[in-house]
Amino acid sequence: MAAPTLLRAVRCAPPRPLGAPRGILGTPQGILGSPRGGLGSPRARSSGAAPGDPERTRLSGREQKRKRLRMRSQRERPEKGGEVAPPPPMGWTPEPGLDYEHPLGAGGRKATGVPLPPSYSPRYVEAAWSHWWEGEGFFTPPPSPQNPDGGDPKILSMVLPPPNVTGSLHLGHALGVTLQDVLARWRRMQGWTVLWLPGTDHAGIATQAVVERWLWQRRGLRRQDVPPEQLLEAVWDWRQRHGDQILQQLRALGASLDWSRCTFTMDPAFSGAVTGAFVRLHHSGLIRRDQRLVTWSCALQSALADVEVEWRELSGPTSLRVPGCPQPVTFGVLVTFAYPVEGEDDLEVPVATTRPETTLGDVAVAVNPGDPRYTHLHGRRLRHPITGQLLPLITDPSVEPGRGTGAVKVTPGHSPQDLLLARSHGLPVVTVIGDDGTLCPPDRGWLQGVHRFAARPLVVEALANRGLFRGTQDHPMTLPLCSRSGDVVEYLMKSQWFLRCREMAERAREAVTSGRLQLIPKFHEKNWKTWMDNVGDWCLSRQLCWGHRVPAYWAEPLGGGGGPESPPPGLWVVGATEGSAHEAAARALRCPLQDLRLHRDPDVLDTWFSSALFPFAALGWPHQSPDLGRFYPNSLLVTGSDLLFFWVSRMVMLGLQLTGQLPFAQVLLHSLVRDAHGRKMSKSLGNVIDPRDVIAGATPQELRERLNQRGLDPRELALATDGQRREFPHGIPECGADALRMALCAHNVQGADVRLSVPAILAQRRFCNKVWNALRFVLGTQRPGDRIQDPQQVQVTDWLSRWALSRLAGSAQEASRALAALEPQGALLAVQSFWLRSFCDVYLEASKRRLCVREVRVTLLTCADLGLRLLAPFAPFLTEELWQRLPHPPGAPPTLSHALFPDHAHVAQWRDPRLEADVAAMLEVARAVRGLRDILGLRGARPPVAVLCPAPIPDWLPALGPALQVLAGAGSLELLPPGAEPPVGPGWVGAPAGNGSHVFIGLQGLLEPSAARTQIQSRVLGLQRRLRGIRGTQASGGTPASGEGTPESGEGTQASGGTQASEGTQASGEGTQASEDTPMSSTKYQQVGPLR
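In this text the structure is predicted, and so the values were computed from the model without any measurement.

### Considerations on the overall build of the chain
On a plain count of helices and strands, the chain comes out with 35 helices and 36 strands. The buried share of the chain, taken over its 1092 residues, is 53%. Within the chain, counting contacts between residues at least 6 apart in sequence, those at least 24 apart form 77% of the total. Accessible surface for the chain amounts to roughly 46,700 Å². Of this, 52% is attributable to carbon and sulfur atoms.

Rendered as structure tokens:
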């Protein structure tokens, strides 16, 4: 057998600039290999000059800082513009990374017998695990589910909201995927049968728009230049080339999906379900063909779904480019012109509109019956200012007299409001805009075939020539735009298939009000009810080639002529197959089959229609498959709050209508992900990021190359490139999937939008490094024969070991509660708090001198094992890599994914709140001592410590005395009873330690008096300067700039201990213990003797 391949150290790409801050979690040694980490290893900045460096000896600290910033800005000056690039994210240092190069075992399993690398490397850790998990079928539910506690099996079934097959996941998708995976892994580790069903959506209009743009950019072909069959073939080819990208992204995120059941909405079985659903709804009388106004994209020449319309607010005149129009078009302008009154040369009715080009479709002018300005004109007729036709002046109470001139032009062929007005008054409907966006007036006059917006100035000019133009004014407005093409959306009268939703919406509303369907968070229920109360019919037709063809046929007798637009004797019939439709037509028309001719509707169905069937169609519906009976209804749906109406509501309506059951019992509507500035993810802003770029890192050049591959419009590409350069001037560092997942889960996903930044993800990577180093230490302490024990068998008597297990049990209880409440941020907080504040910063540090004690090693192993299980749903790669190396007993599960999650019931015997309170008091004393050490700049010295207690010395203090010495960095430790005289004399200082206790440390021989006096005097002067700056700023009513007159500026933090407090964030792990109760920077000392 060949010898194992050695690890090859490589440089992470992109390189991280030198000089970036490096915390405990960001160093290769971390808390365990460096004397700087943890509560038991005090650290302080050196106040002296480096030996042998005369320049640094001469420069003050502030001058050194300014010089470093100046040199860094010179190195990081961008190529263009001469601007100074912002500093890189904190912790982005050029640390070496590792590639996994050991041979894989059976089934592709990683070699876990080799030593752990010295530092955490995401590439090393995340290699090969997904392939092994999938190959072993760990995420496929067993055929015979069994409940480990007895009784009926517990099942969690979810469907992944199917992303667009030719699209790419961004960080917003990553949030939803991570939340679902956390819940799936948690329930799987609890012994539940879990089905998390993956799938992709064909995304009809989005995919065809991408392919049409690609054909135009690469081949110079438009949609009209390609036959429908060839265009459809091009879409399928595109799907084959790009369709697997999303699946690769999901695997990179560690999604524990059942890949054996992956569904594509254009698969034959799923397409059959879509056809069957349409036929059933038509036979139920809910689907019918009708001529109505629909939202229309002239660029795509198709009807649009509501979700595909973006509304842009315009505050006034705004110039925009519109597809197909040669010149920019100005919107936000109100044009006023006059309608002459028939037979009255001196009478006119002025109207104002933002769409003068639609004047050719006007059929009337409407005024409010109570408007006195037009009372004398009621019943009169007006002459059309362009065509000269006579139009009625109608009265209607819906007209607002205070808006514009009080008179409105009625154009029912291009306005839903005007259509309602026309139908209530029996007016005709005239269409003057064609499918392609050009004008098509009824008389085929001088504007025939002119682009509608190119015709706008021509119409205004014609009005002026006739003396009927009355001026323009600025006008704020909301402009509907097609999200796929950027075209201005039009309303056109079309014959389409519509689904009546009123009855289904009533049942969906009742499901929420009765509590059968739970929306989380609950505030969405109000919007749900409002939407269901006002739901309209759903237009299902789309004029595309990519999608599910409408199973409808126009049937006509042979020799009858006509076609789809002909009146009877032909008719529309619906059938699952052409044969069944043929038979239905024969029965309806009462003629032989051979005498009928069928023409299938060329349109396809709205993508949201097929997506609404996904929860049950992906499980085999309409057939009664085993999966449908076992996993439907689903247990839970997790999706973005922006899809509540476009997708969730339609799944509920169609699920109840077609299956008689709700498709799921709960819906978690998570927040939306925005960038660090609170902006929505947008291609034009350049902040739409592939999760793999965060996981593996990407240089600025790689980011630009990926942006160029998206097929954006040149103008949009230029904006996106500029935005990307500003947002990621140094590229994106390698963060890893686990760090990205935890950064996403650290936010309240049921609250406001999530602001995600690279520094936040890097903080989670530093947490991974801390866990990595902790496990390296634990593994290094084990002796032959040490094995992980069952929690029920772990019995320890050592005070600190009992405390560690009690803290572990409390974290397990809180994690289980939070996950059951669908609050992953609370669970992650509890787990990370245990790892950082209890295990690493306290127990692990205090145990370094007692590794010969078996109880200590047992506790270390138990905390490592169960701590990794608690963390596994959030960081599956890191925990699997480390857990596989622990000394497991025989019969242990092959993967951490199937190990038992430590619920509170399994570890409840360890809880000891009284003991936790005692240790918390001890830690308060340790913090006070460390605060004094940091203030006075004591580095490696261990001063004598005396503790003055306000009451009789508690039992815990002598028992925890050795741990207190280690954690406080103390030399000798003296416990003083109440009433005892505190140590006084030269070189003693003291500080309060909470609960009336005081600590005193001796400085004799440990501190240079002159240096200490100089340091304190410098700090006092710095504080006085900042105080003057604050007073001056308050007097002027401003806010002091960072670093200028603010206590947080960092000046003098060495003496005050502010550095330790500023790093006390949960994610970073540095100084977290200090921030639990009293921050280090708040420690106040009292001098009880002269510094001599």
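Anyway, onward from the coordinates.
### Considerations on the sheet that holds strand β25 (residues 571-574)
Sheet strands associate in pairs through backbone hydrogen bonding, adopting either a parallel or an antiparallel arrangement. On the basis of which strands lie adjacent, the open sheet formed by three strands has the order β25-β24-β26 and antiparallel pairing. In this open sheet, the two strands that pair with only one neighbour each are β25 and β26 (596-600). Going from strand to strand, the sheet's axes swing by 35° on average, the running direction of each strand aside. Where strand β24 (residues 552-557) meets β26, five bridges bridge the pair, whose relative direction is antiparallel. The partner of Glu556 across the bridge, within β26, is Arg597.

### What about the side chain of Ser297?
Among the structural elements, Ser297 can be located in strand β7 (residues 287-297). For Ser297, a relative accessible area of 0% puts it in the buried group. A polar atom in the side chain of Ser297 sits 3.2 Å from the backbone nitrogen of Leu300. Only 3.4 Å separates the side chain of Ser297 from the side chain of Ser485, close enough to count as a polar contact. Aside from chain neighbours lying at most four places away, what touches Ser297 is Ser302, Leu304, Cys482, Ser485 and Asp487.

### Digging into the environment of Leu740
When you line up the elements, Leu740 lands in helix α23 (residues 737-745). Apart from residues lying up to four places away in sequence, Leu740 is in contact with Leu171, Leu253, Pro691, Val694, Ile695, Leu756 and Ile761.

### Overview of the pairing of β24
Counting buried residues along β24, five of its six residues qualify, which places the element largely inside the surrounding structure. Judged from the four bridges that link them, β24 and β25 form a sheet pairing that is antiparallel. Within β25, the position partnered with Tyr553 by the bridge is Val573.

### Details of the packing of aromatic side chains
Throughout the structure, instances matching the rule amount to 23 aromatic pairs. When the centroid spacing of 5.3 Å and the interplanar angle of 80° are considered together, the rings of Phe331 and Phe453 count as edge-to-face. On the criterion of sequence distance, the pair formed by Phe331 in strand β11 (residues 329-331) and Phe453 in the loop between α11 (416-424) and α12 (455-465) is long-range, its members being 122 residues apart. For Phe331, a relative accessible area of 3% gives the class buried. Sitting over the ring of Tyr100, Lys110 keeps its end group 4.7 Å from the ring centre. Here the guanidinium or amino end of Arg292 rests over the ring plane of Phe498, the centre of that ring lying 4.3 Å away.

### What to know about helix α13 (residues 502-513)
If you check α13, its first and last C-alpha atoms are 17 Å apart, about what 12 residues at 1.5 Å a residue would give, namely 16 Å. Restricting attention to buried positions, one finds in α13 the residues Met504, Ala505, Ala508, Ala511 and Val512. An end-on view of α13 places all buried positions within 115° of arc, on one side of the element. Against the buried residues of α13 lie β20 (490-499), β21 (518-520), α14 (524-533) and α19 (644-659).

Thresholds, definitions, all that
- Residues numbered from 1 in each chain as written.
- Predicted model: local features only at pLDDT ≥ 70, side-chain atom pairs only at ≥ 80, totals over all residues.
- Heavy atoms only, no water.
- Helix = DSSP H or I, 4+ residues; strand = E, 2+ residues; numbered from the N terminus.
- Buried < 20%, exposed > 50% of the residue type's maximum accessible area, 1.4 Å probe, protein only.
- Contact = heavy atoms within 4.5 Å.
- Areas by Shrake-Rupley, 256 points an atom, 1.4 Å probe, with all protein chains shown as cover.
- Pairing = 2+ DSSP bridges.
- Axes fitted to C-alpha atoms, helices over the stretch in contact; angles between N-to-C directions.
- Polar contact = N/O pair within 3.5 Å; in protein donor to acceptor, adjacent residues only side chain to side chain.
- Phe/Tyr/Trp six-rings, centres within 6.5 Å; stacked < 30°, edge-to-face > 60°.
- Lys NZ or Arg CZ within 6 Å of the ring centre and 35° of its normal.
- Expected span 1.5 Å × (residues − 1).
- Arc of directions from axis to C-beta.

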